[in-house]
Amino acid sequence: MMPKFDGNVLRSVAFACMFAGVVGGGLLPQAAIAQPAAAVRGLPDFTDLVDQVGPSVVNIRTVEKASSRASANGMDEEMLEFFRRFGVPIPNAPRQQRPQRPQDDEQPRGVGSGFILTADGFVMTNAHVVDGADEVIVTLTDKREFKAKIIGADKRTDVAVVKIEAMGLPAVKVGDVGRLRVGEWVMAIGSPFGLENTVTAGIVSAKQRDTGDYLPFIQTDVAINPGNSGGPLINMRGEVVGINSQIYSRSGGFMGISFAIPMDEAIRVSEQLRASGRVTRGRIGVQIGQVTKDVAESIGLGKAQGALVTGVEAGSPADKAGVEAGDIITRFDGKSIEKVADLPRLVGNTKPGSKSTMTVFRRGASRDLGITIAEIEPDKPAAKTAEREEKPKASAAAQQMGLAVTELSDAQKKELKIKGGVLVATATEAAARAGLREGDVILAIANTEVSGVKEFEAALTKADKSKAINVLYRRGDWAQYALIRPGR
């Protein structure tokens, strides 16, 4: 009589026999037992990188002269920012107010990060970290503090350079962004929420990510939070390949997507800032749009490429060169324009006054046009006094859009040659995702012209928040549309 065995026992015995190499009384080849199907790679160890690069990373605090009114509840701006970003009610907000500070008292304004670019004290960070600051304080990892001088800041690329009086500092090594690969491990060091020397790591999620006019960002999943801005993105060779600048977030905290300024672009900007304190960019005076597949096929272009000229500024270099509305710019200085964002980058990086050649596709044929590059007007810094006197308070509807706006002065309207509109004081969340930023002028919202803040709020209140809301805004000399999709 055969003994009865539990099925699980039989399976366990058979499994044990297989591992012993016994199958039907025979032995499996030793290679079949010992060799795994594929090599397993371990997780990277970042400890040596932290020791190597950590001393080059700095904490940056900014200070501004206090206005005659104290900030809400006497809290510093960093703490208020924490409460705002995470939707936490500000303690005692409606009831308790601290006594007013003296007019000339100083108060903390914000905290960011940076890194030592040269041994003689040049430090790189984000432009938005030092924007509007009366004083910049740089703290090294050895706890030494220095008052820094702002050498220059470029808002378009969000790059800034400050200088501290010190020698023999541990400068970073700059890496080759061209060698950076999607899926590669990278590390960030910074001061999220003011917590100094914080290390986070992840991988490169994408390259050449278009989120701005002048920069193809590096996208990563490295945890980046407020305070990390301006810190370095470091590859496994200990080289800085980017400056951590932006996050995609609906809550104000990290949500798995962050963006870094490529280091080759940042170095190009920093060299101009160190040489002259400002960045000069080329312009040709055209308004451009995307070339769709249907349009490309219908006009005989073949594939969707280039930049469609939708408008030519009178008297501009493009006008003088013979560019017409409807032309498609396919090459600039011998470089192919694959997508619309390529053109402003190539033109912007061209020295004003230089002569270039541009290829346009017009009515079924390509032709080369010679063009002399002009200089784009530099950003005009906003008056800090006006900003402090008028702290914009956004309505509930505006907060849902991520917008806070202020009135335009008569002088600003005259300068811009407009009759009405509102100035964007802050653009976050949905507004930022739509491409709006501080300093833009909103002319109309939801197809309703606005002459001031009151009309803006009225039009916004009536708008259907379940749909994308169109906003006509002006940036520099050009007016364009943005579609804001309020967060749900």
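Residues numbered from 1 in each chain as written. Predicted model: local features only at pLDDT ≥ 70, side-chain atom pairs only at ≥ 80, totals over all residues. Heavy atoms only, no water.

**Observations concerning the overall build of the protein**
- For the protein, the helix and strand inventory stands at 14 helices and 29 strands.
- Expressed as a percentage of its 488 residues, the buried residues of the protein come to 43%.
- Excluding contacts between residues fewer than 6 apart, the proportion of contacts in the protein whose partners are at least 24 apart in sequence is 62%.
- Accessible area for the protein stands at about 25,900 Å²; split by element, carbon and sulfur atoms hold 53% of it. (Helix = DSSP H or I, 4+ residues; strand = E, 2+ residues; numbered from the N terminus. Buried < 20%, exposed > 50% of the residue type's maximum accessible area, 1.4 Å probe, protein only. Contact = heavy atoms within 4.5 Å. Areas by Shrake-Rupley, 256 points an atom, 1.4 Å probe, with all protein chains shown as cover.)

**Side note on the pattern of salt bridges**
- Overall, the coordinates contain 17 salt bridges when judged by the stated rule.
- Among the ionic pairs, Glu 135 bridges to Lys 147, the shortest N-O distance being 3.6 Å. One end of the pair, Glu 135, is in strand 6 (residues 135–139); the other, Lys 147, is in strand 7 (residues 145–154), with 12 residues separating them in the sequence.
- Connected via shared salt-bridge partners are Glu 324, Asp 327, Arg 362 and Arg 363. (Salt bridge = Lys/Arg side-chain N within 4 Å of Asp/Glu carboxyl O.)

**Things to note about helix 6 (residues 263–276)**
- Taking 1.5 Å of rise per residue, 14 residues should cover 20 Å, and helix 6 covers 20 Å from first to last C-alpha, within 8% of that figure.
- Listing the buried residues of helix 6 in full gives Met 263, Glu 265, Ala 266, Val 269, Ser 270 and Leu 273. In a view along the axis of helix 6, the buried residues occupy a sector of 145 degrees, so they form one face of it. Residues Glu 271, Ala 275 and Ser 276 are exposed on helix 6 and point more than 90 degrees away from its buried face.
- Residue Gly 277 follows helix 6 closely and has a positive phi angle near 85 degrees. (Expected span 1.5 Å × (residues − 1). Arc of directions from axis to C-beta.)

**Side note on unusual backbone geometry**
- Located in the positive-phi region is Lys 143, a residue other than glycine, with phi close to 75 degrees.
- If you trace the backbone, Lys 143 turns up in the loop between strand 6 and strand 7.

**A word on a nonpolar patch on the surface**
- Nonpolar side chains collect at one region of the surface, where Leu 43, Trp 185 and Met 236 lie side by side and expose about 320 Å² of accessible area between them.
- Tracing the sequence through the fold places Trp 185 in strand 10 (residues 185–190). (Patch = residues over 30% accessible without salt bridge, like charges linked within 9 Å, V, L, I, M, F, W, Y side chains within 5 Å.)

**Section: helix 14 (residues 453–462)**
- Along helix 14, the residues classified as buried are Val 453, Phe 456, Glu 457, Ala 459 and Leu 460. Burial along helix 14 is one-sided: seen end-on, the buried residues are contained in an arc of 165 degrees. For helix 14, the exposed residues lying more than 90 degrees away from the buried face are Lys 454, Thr 461 and Lys 462.

**Section: the packing of aromatic side chains**
- In total, this model carries 2 aromatic pairs according to the counting rule given.
- Seen in terms of ring centroids, Phe 217 and Phe 259 are 6.2 Å apart; in terms of plane orientation they differ by 65 degrees. Their pairing is edge-to-face. Separated by 42 residues along the polypeptide, Phe 217 in strand 12 (residues 216–220) and Phe 259 in strand 15 (residues 258–262) bring together distant segments of the chain.
- Overall, Phe 259 belongs to the buried group, its relative accessible area being 11%.
- Stacked on the ring of Phe 122, the Lys or Arg Lys 163 has its end atom at 5.4 Å from the ring centre.
- Taking NZ or CZ as reference, Arg 274 lies 4.3 Å from the ring centre of Phe 122, over its face. (Phe/Tyr/Trp six-rings, centres within 6.5 Å; stacked < 30°, edge-to-face > 60°. Lys NZ or Arg CZ within 6 Å of the ring centre and 35° of its normal.)

**With respect to the pairing of strand 7**
- Where strand 6 meets strand 7, 4 bridges bridge the pair, whose relative direction is antiparallel. Within the sheet, the bridge partner assigned to Thr 139 lies in strand 7 and is Glu 145.
- Judged from the 5 bridges that link them, strand 7 and strand 8 (residues 159–163) form a sheet pairing that is antiparallel. Among the inter-strand pairings, Asp 154 is bridged to a residue of strand 8, identified as Val 159. (Pairing = 2+ DSSP bridges.)

**A closer look at the nonpolar core**
- Counting residues in each nonpolar core, the largest one holds 36 residues, and the members touching the most others are Phe 115, Met 124, Val 159, Ile 243 and Met 263.
- Residues within four places of Met 124 in sequence aside, it is in contact with Gly 114, Phe 115, Leu 117, Val 159, Ala 160, Gly 230, Ile 243, Met 263, Ala 266, Ile 267 and Ser 270.
- Counting 24 residues, the second-largest nonpolar core is a separate cluster that includes Val 424, Leu 436, Ile 445 and Val 453. (Core = buried A, V, L, I, M, F, W, Y, C linked by side-chain atoms within 4.5 Å.)

**Some thoughts on the confidence of the model for the protein**
- Confidence in the prediction for the protein averages 80 pLDDT; 76% of positions are at 70 or higher.
- Looking across the protein, the model is least confident in strand 1 (residues 22–23), with a mean pLDDT of 36, and most confident in strand 5 (residues 122–125), with 97.
- A low-confidence stretch, residues 1–39 (pLDDT under 50), is modelled with 11 contacts involving residues beyond four sequence positions or located in other chains.
- Counting contacts from residues 67–72, a segment whose pLDDT is below 50, to residues more than four positions away or on other chains yields 19 contacts. (pLDDT = per-residue confidence, 0-100.)

**With respect to the side chain of Ser 270**
- If you trace the backbone, Ser 270 turns up in helix 6.
- Classification of Ser 270 by relative accessible area gives buried; the value is 1%.
- What Ser 270 contacts, discounting residues up to four positions off in sequence, is Leu 117, Met 124 and Val 161.

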